[in-house]
Structures are given as C-alpha cells and as structure tokens.
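Each chain is listed here by its residues.
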Amino acid sequence: MPATKLTKSSSTPRLSESPILGESTEAFCGDIRRHFNFTLGRDKNCKSAHYAYTALALAVRDRLMECWRNTQSAYESADSRKTYYLSLEFLLGRALSNAILNLGVEGPLGTALTELGVDLEELVACEQDAGLGNGGLGRLAACFIDSCATLQLPVMGYGLRYEYGMFRQNVENGFQVEEPDHWLRNGHVWELERPELTLRIRFGGRVEHYSEQDRRRRVRWTDTHDVLAVPYDVPIPGYRNGTVNTLRLWKAAATDEFDLNEFNAGDYAESVRAKNLAENITMVLYPNDASENGKELRLRQQYFLASASLQDVLRNWVLKHGQDFTEFAAKNSFQLNDTHPSIAVAELMRLLIDEHDLSWDQAWAITNQTMAYTNHTLLPEALERWPVRLFEQMLPRLLEIIYEINANFLGEVANRWPGDLDRLARMSLIEEGYQKQVRMAYLAIVGSYSVNGVAELHSNLLMQGLFRDFYELWPERFNNKTNGITPRRWLASCNPGLNALITEAIGDGWVTDLGQLSRLRDFAEDRAFRERWRKVKQENKDRLIDFKRRELGLEVDRFSMFDVQVKRIHEYKRQLLNILHVIHLYDRIKRGDAGSDWTPRCVIFGGKAAPGYAMAKLIIKLINNVATVVNRDPALKDLLRVAFLPNYRVSAMEVICPGTDLSEQISTAGKEASGTGNMKFMMNGALTIGTLDGANIEIRREVGAENFFLFGLTAEEVEATRAYYDPTSIIEGNDDLKRVMNLLETGYFNQYEPGIFEPVVHSVRSAYDPWMTAADFASYVLAQQQAAAAYRDQDDWTRMSILNTAASGQFSTDRTISEYNRDIWRLRPIPARAAL
Ligand code: 26Q
C-alpha cells in the first residue's frame, strides 16, 4: 500500500492535504496537550517546564507552517524578483513570544495556558537564545528579515547553523570567563531539516585548463576535498499578515567518500580526521566583532556559505528556466552583510562560467548587476584581507578568477587615470608586500552595483576616506541606508506596559507604521499622561531590578537614575570613559561634594569582550573592581551603585532597554558606524548621553538638541586634534581627571592585585591613544551633570522621555528596508494567499 494512503482512503494521494488549525482557546489547549503527551511522550509526572515550553512552541509552530507554505507558493506563482540576504550572522534571540505576537494569537493562547495551569513567562524563559551572531551586525540581519516578512517582500536569508553560538560569559573574580554555548542541546523546534536539498562544496585540489572540440577553453577544478551543505529552514513570520519568509541555515557534513576511501585504504584515523575537518566548518561562531583574525577556518566558513547559497539559487533557476540566464539579473539580487560573504562575487563568476557555460562577459554582467554590498565599519583593523597563499591552497580556482577581475578592473582605472601608478597600487584587489593579500572590501565594491554605509556620517566618511578612490570612479554606486530596529520585538513585545499605553493613546497603527509615534508629542504636554508614562517606566525599572537580583544578587534603589551602557566591549566604544566618570562620582561623594541635590544613580554595564582582546577584558575587570569598592561602601548607599551584568544577550536587552533612564552612546566620534542599541533605548523612552557619532547624529536631529545630552569632539575635530594630542597636559589641567587618574595609579581599586590596571592607565595617558578618552572627559562630566540635574525634575524628564519615543519612528527597520527596496532591491510586495 502506498504511504500516501495512510491519511485517507482515496485513490488520489492526500498526504499533503493539511487540516486547517483553529486559533480558538480549545484548539490551542488540545494541540498543546497532544504535543505534550504524544509528540513528547510526557505525562503528569513530568515537572520540567522545558517540555511544556516545547509542547507550546510546537503548537505555535504548527500555525506558522500553513502560512509558510502559502507564502512560498505565492512567491512561486508570482515568479517575482527576489533578494537573498547573505550573512555569517543572524542574532535571532528567542522565537516563541515573537511568533505569538506576529501571529496575533496572544488572546486565545493566554486563556488556554491559564486553563492548562502554566505560566507563559516561565515557558518563554525556557527558550535558549539563538546567539548566532556577535552584536550589531548580526542583530541587524535579524531585524531586517523581520521587516522583510512584515513588508511582504520576497527576501530569503542565508546563513550558517553554528553548533555553538556566541559564548556564554561568566564573571569570576571580576574576570570574564567564556563557556561554550551549546544552544541546540535541548533540541530546537524552530528549524526544519531539508536533507533532500543538500549540496556539495569543494575545497583544495588543483585547476586544469583544457580545450574541447568546440575549441572553447574550459576549466576543471579537480582532486578537491568536498563537504556537504545541509540546509535547515527557519520560519520568519511577518506581523499579522499571513506571510512567513525563510531563513536557510547551512550545516556542514562529511561526504560518504571520506569514510569509504580512507577507511578502505586502512587509515581509519585519517578518515575520522578528514570527517572532523569537514564538520568543523559550522561548529562555532567566531566571537570577534571588530578585528579580523585571519584564521583559515573562517575563510572556509565564508566560502561554504557563499557557495552553498549561490548553488541553491542557481539550482532553482535552472529547474525553472533551464540554462537560459538572460533574465537572471532582472530576477535576483544578493545583499552582502559586510565583506564576510564577499567571496560570493568570485563564486558566482565561477559557477556561471565553469558550471553553466557562460562567457566571462556574460557572467560579469550578471554578477555586477546582482551583488550589493553593505559596509559596517570604518576601523582599518576590521577590514578583511586574506593571504593569497591561503587562497592558492584552499580555493585555487577562485584566486584565478579574482586575478582576472583585478586585471580587468585595473585596466579600467588606468584608462581613467593614465599614468597614475600610485592609484593603481592603492586600488588593486591585491595588496603587495611581504605577504600578498586579497582585499575583500575592494572585491565587494568592484563586483557590486550598490555600496552602502549604515548611517549618514558613516556613509559620508566611507566616501571621503576609506573608499574615496572608488567613490571618484563610481559615485553612483554609493548610498546610505541608516540602520533601524524592528518595533515588534523592541517595543511591542519587550515593553507591554508602554505598548498598551501608546495604543490607548494613538491606536495600534504604529506597530507597522512607526512614524505614527509622532502623535505622542501632544500627549507629552498632558500631565496625567506623563504620570501614567512614569508609572510604566517605574514598573519596567522594577522588572530590571528583579533581573539584576536574579543574575547578580544586587539590590538597588528603585528611584535612582538607571544609567546603562550595554554593547560589545571595545576601546572605541569607551566603556573606559564611563567608568572614569563613575570613579569621579565616587571621588566626589567621598570628598563630601554630594550635596542635597545629588541624583542617585545606578550605573549598569554589560557586554562581551572578544576572548583574545586583552585590553577589553581588562576593562571588564576594572569595571568589576570599581563596582566592588563602590557597592560595599556604606557611605555611598543609595547615592551610587555599579553593576556589571554578565552574559549580555538579546533576551537580556529585552528586559534592560524598557527599564533604562539614560542611554550611554559615547564612542569616539567617527568610529561607531551606526549603533542600534541607541535606537532600542530611545524607542523605549530613555534619554541619550552621546557623541556626534553614527546614528546618534540622526537621533539627536529627530528628537531635538534640547532632549539629548551631547558632549565631545566631532569626528572632524578628533582627526584634527590627533597630531598635537597631549593627554598628560589635559590631565594636569583638569583637577577631576587628575584625582581619578591618581586613584587608578595608586592602585586604589586593585589593592591585592598590584599593577594590573597599568595598561589602562597607560592607554589614557598615551599621546597615541586612538580613542582620545582624556580629550572628552571634561565635556562628558558636564553632560552627565546636566543629565543628573534634568533627572531631578521627574515630570520634565518624563516629558522628554515621551518625546524620545515619539521621535523614534525613523528608526524602524520597516523604514530602512523600504529604502533598501526602493533604491537597491526593487522588489514588488507579494501578499501571501491560501493555496488553491
Ligand atoms: C571578521 C573576520 C573574522 C572574524 C570575525 C569578523 C567580524 C565579525 C563580526 C568582524 C565584524 C563583525 C561585526 C561587526 C559589527 O557588528 N558592526 C556593527 O554593525 C552594526 C550594524 O550595522 C552597527 O550599528 C555598528 O556600529 C557596527 O559596529
């Protein structure tokens, strides 16, 4: 009997006919019970919340499946243009509450859970964060695909399914200690393995050139060591619109040949080694977020993602259109999330030429009309370069192609600027020197029709600085797309109190049209509304206090100003400047300078340091040592508290940003490309203290200078000051800073750990301090005083808080994605519809 007969006794196969799932309380109750009892095989003796979570997640997932199928079939029959977002990182966080919100089933589901006697919040907390990213760039990718689904755009994400995500951070004796994040250990209900779509990725080997009877030159890449790419699909629901898009994550698996060939030859150990080498590719996320580290395995990951994703797209193309690629560029585009997947430029050329028989010129025209590149950093140390030698060994055919792209490109440059040899050397895709290297950013620019930065200042600095030569050659390629955040996760879901209050005031249209928040401006003038707003903020602060108590055992005054800096730990972000200010506050209290008008503060830090970044780790240690001294001093009780929250992650930010009063965005001007944490705080009604850097500039413009605490040198002033920067005389000339440095230099915060903070002190005193911490200290202290004074007038502070939320409409990724779509992708929205 054929398997398809299993469902219904009919002569036509009916297996794929799916029942419509109800969204009533009864339907949810029944399904959650069924999953608990039958899918998971649990009974009343099972006390673990984990299984209740899984049963609930499966019931919610069932409801996504139907929309998922309908969306894909709508895309299929529209035969529309599509975009593929290629990223080594998707920092998704938790999926359950987001799915519930986007499906719009909180009502019946809530009642069902009450009937079943389980607590939704407790179950939500059972889910491990999907930490498949480092920070801003990875979270941006997650917000982007949320907005694409909400805007019903046919966009698919392609990434890697790391076995271990971002490491877990513990703090021991003030030091960061990393622990592996085995996030899949208890199973992962939000993915579907698609083994039937497995692809083969080649590495190593050698290249043969030969001619066939038709005398066309052909290329054979042989003797390769192949790895399989197995896709896992994750559903990405839009907001209450029936659309569910796909995020496809690749897992590396060894081919059978490994086992057979080597095993038959009798070298068992060698065969296992080879198998491991293959499966290592997607074992772990690289945990550095700002410096390239040149590891061979990282290049393997990048090529693995690029090749698998492109092969997947080309396979679907050929299924539909055969080998006719005339319409390919009209129907497809690829957005490269930084240079990490930029080897895709060369890989698309290889696939089109070697596997699909196109000429060089045809292939180049397609590549150049389908690739688009987003840059996320100005730091020169973060620009990816790979040794030519590594390419020769790992990807010999791709190196040939890169050389040919470079030869053609340099021809174009020479034509435009005859005789300008310096320019040729500057712009070459190959950096000459003791060890030749491929410049990946240049490969991405040359291969793309669009190059963008992520905030206005950042895009301008790219055009005037880092990519100036390329901007002169192709000004039309360059554009700005200021980042955003999804208001579903970062307001509607993480801040239920504010969500309800805003919705009561202006209706719920803001969730998909965030500009409507501007209607809150009028409410800022309404005293009763302000009182309610303040109450919600206080409840959110109490939630944050609970979180701190749970994670840290720290008690704080619920009325103190919550002053928060959470982000990756990096010198350019200047957590050091913040802690210097904390030491200054401590010093003022101790010297009796805390009068009756003192504003009590709780200064909260959180963030991970790259495991190999010694200075960043030392800054964590300094924060913790200062916290110990401050928090145990009874003279400071309720005037000042300091907390380092360990293991900062997406789900922590969902509790932190609603409970924050003051948002610290204090990078050295010109260094933070955009920032997105700044937007999360603003949207949740925090005020910002910040420099004119990244998107801070646009935030300040939107909310008005009078509602933003500005300090510090501008990007231009930073560069102009460098040549004669003299921190020693700045310290000498500023009594506050002098006293702070003295406490540090006399080992006040490290009495039993002599000398450990010397590198920190040295960096502040260095004339070559790239981050110019001392230069901005005085104006930072002043801005902090203004913030403290403003906070004392709670009613007026609340007015400014409302104005911040009201002005945050620009910073929705719905706006960002609409701009990507208008200027770069040019996709038509496709409403999901039920399959016939
Ligand atoms: C590169 C090579 C080898 C290993 C790792 C890396 C690597 C990985 C991640 C380099 C950089 C990153 C991440 C960068 C990042 O998160 N940048 C941030 O992007 C945000 C979104 O655009 C901006 O808001 C931030 O300003 C920017 O710092």
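Just so it is clear, the model here is predicted, and its values are computed rather than measured. (Residues numbered from 1 in each chain as written. Predicted model: local features only at pLDDT ≥ 70, side-chain atom pairs only at ≥ 80, totals over all residues. Heavy atoms only, no water.)

A few words on the environment of I817. When you line up the elements, I817 lands in helix α34 (residues 813–825). Separated by 604 residues in sequence, I817 and Q213 place their C-alpha atoms 49 Å apart. Sequence-distant contacts of I817, that is, excluding residues within four places in its chain, are made with F144, S147, C148, L151, L153 and W825. (Helix = DSSP H or I, 4+ residues; strand = E, 2+ residues; numbered from the N terminus. Contact = heavy atoms within 4.5 Å.)

Structurally, A308 is set in helix α9 (residues 296–321). For A308, the residues in contact, after removing those within four places along its chain, are L199, I201, A229 and W250.

So, about the packing of aromatic side chains. Throughout the structure, instances matching the rule amount to 27 aromatic pairs. Both rings, one in W317 and one in F328, keep their centres 5.2 Å apart while their planes meet at 80 degrees; by these two values the pair is edge-to-face. Of the two residues, W317 is situated in helix α9 and F328 in helix α10 (residues 328–331); the sequence distance between them amounts to eleven residues. Judged by centre distance (4.6 Å) and plane angle (50 degrees), the ring pair of Y442 and F470 falls under tilted. Of this pair, Y442 sits in helix α16 (residues 440–447) while F470 sits in helix α18 (residues 468–473), placing them 28 residues apart in sequence. Per residue, the accessibility class of Y442 equals that of F470, and both read buried. Among the aromatic residues, those joined into a ring-pair cluster are Y85, F90, F144, Y820 and W825. (Phe/Tyr/Trp six-rings, centres within 6.5 Å; stacked < 30°, edge-to-face > 60°. Buried < 20%, exposed > 50% of the residue type's maximum accessible area, 1.4 Å probe, protein only.)

Attention now goes to the side chain of N452. The topology assignment puts N452 in strand β18 (residues 450–453). In this structure the side chain of N452 is engaged in a polar contact, spanning 3.0 Å, whose partner is the side chain of Y820. Excluding residues within four positions of it along the chain, N452 makes contact with Q335, Y373, T374, N375, L462, N479, K481, Y820 and I824. (Polar contact = N/O pair within 3.5 Å; in protein donor to acceptor, adjacent residues only side chain to side chain.)

In this section: the sheet that holds strand β15 (residues 385–387). Taking strand neighbours across the sheet as the criterion, the three strands line up as β15-β17-β16 in an open arrangement whose pairing is antiparallel. Where the open sheet ends on each side, the last strands, each with one partner, are β15 and β16 (430–431). Bridging between β15 and strand β17 (residues 437–439) involves three bridges; their strand directions are antiparallel. By the bridge assignment for β17, R385 is matched with R439. (Pairing = 2+ DSSP bridges.)

All right, on to the nonpolar core then. With 115 residues, the main nonpolar core has F304 and F391 as its most contacted residues. The leading source of residues in this core is α9, at ten residues. Apart from residues no more than four positions distant in its own chain, F391 is found in contact with L299, I343, W386, P396, L399, I402, V438 and M440. By size, the runner-up hydrophobic cluster in this structure holds 65 residues, among which are M615, I689, M772 and A783. (Core = buried A, V, L, I, M, F, W, Y, C linked by side-chain atoms within 4.5 Å.)

The next subject is the pairing of strand β6 (residues 175–179). Relative to β6, strand β5 (residues 168–172) is paired through five bridges, and the arrangement is antiparallel. Counted as the bridge partner of N170 is V177 from β6.

Right, let's talk about the site of the ligand for a bit. D289, H376, N483, E672 and G675 are the nearest of the 21 residues found near the ligand. Interatomic distance of 2.6 Å between a side-chain N/O atom of E672 and an oxygen atom of the ligand. Note that an oxygen atom of the ligand is positioned 3.0 Å from one of the backbone N or O atoms of S674. In isolation the ligand exposes 620 Å². Once the protein is present, 95% of that is buried. Counting residues per element, the shell around the ligand draws most heavily on helix α6 (residues 136–150), at three residues. Split into classes, the residues belonging to the shell around the ligand amount to five nonpolar, ten polar and six charged. (Near = heavy atom within 4 Å. Areas by Shrake-Rupley, 256 points an atom, 1.4 Å probe, with all protein chains shown as cover. Nonpolar A, V, L, I, M, F, W, Y, C, P; charged D, E, K, R; others polar.)

Let us now look at the sheet that holds strand β24 (residues 687–690). Within the open sheet, the six strands sit side by side as β22-β21-β20-β23-β24-β25. Their pairing is parallel. The two strands at the open ends of the sheet, each matched to only one other strand, are β22 (640–645) and β25 (709–710). Sheet analysis places strand β21 (residues 601–606) next to β22, joined by six bridges and oriented parallel. Residue pairing for β22: I604 is matched across the bridge by A643. Contacting β20 (561–566), β21, β22 and β23 (662–665), helix α23 (residues 575–590) runs over the sheet at an angle of about 155 degrees to β21. (Axes fitted to C-alpha atoms, helices over the stretch in contact; angles between N-to-C directions.)

Our focus in this paragraph is the packing of α23 against helix α24 (residues 614–631). The contact between α23 and α24 brings their axes to 10 Å, and the two run at 20 degrees. Accordingly, the angle class assigned to the pair α23 and α24 is roughly parallel. The interaxial crossing formed by α23 with α24 has left-handed handedness. Mapping the contact onto sequence places Q575, L576, I579, V582, I583 and Y586 in α23 and I619, L622, I623, V626, V629 and V630 in α24. (Parallel < 35°, antiparallel > 145°, perpendicular 65-115°, else oblique. Left-handed = near helix turned anticlockwise from the far one by under 90°.)

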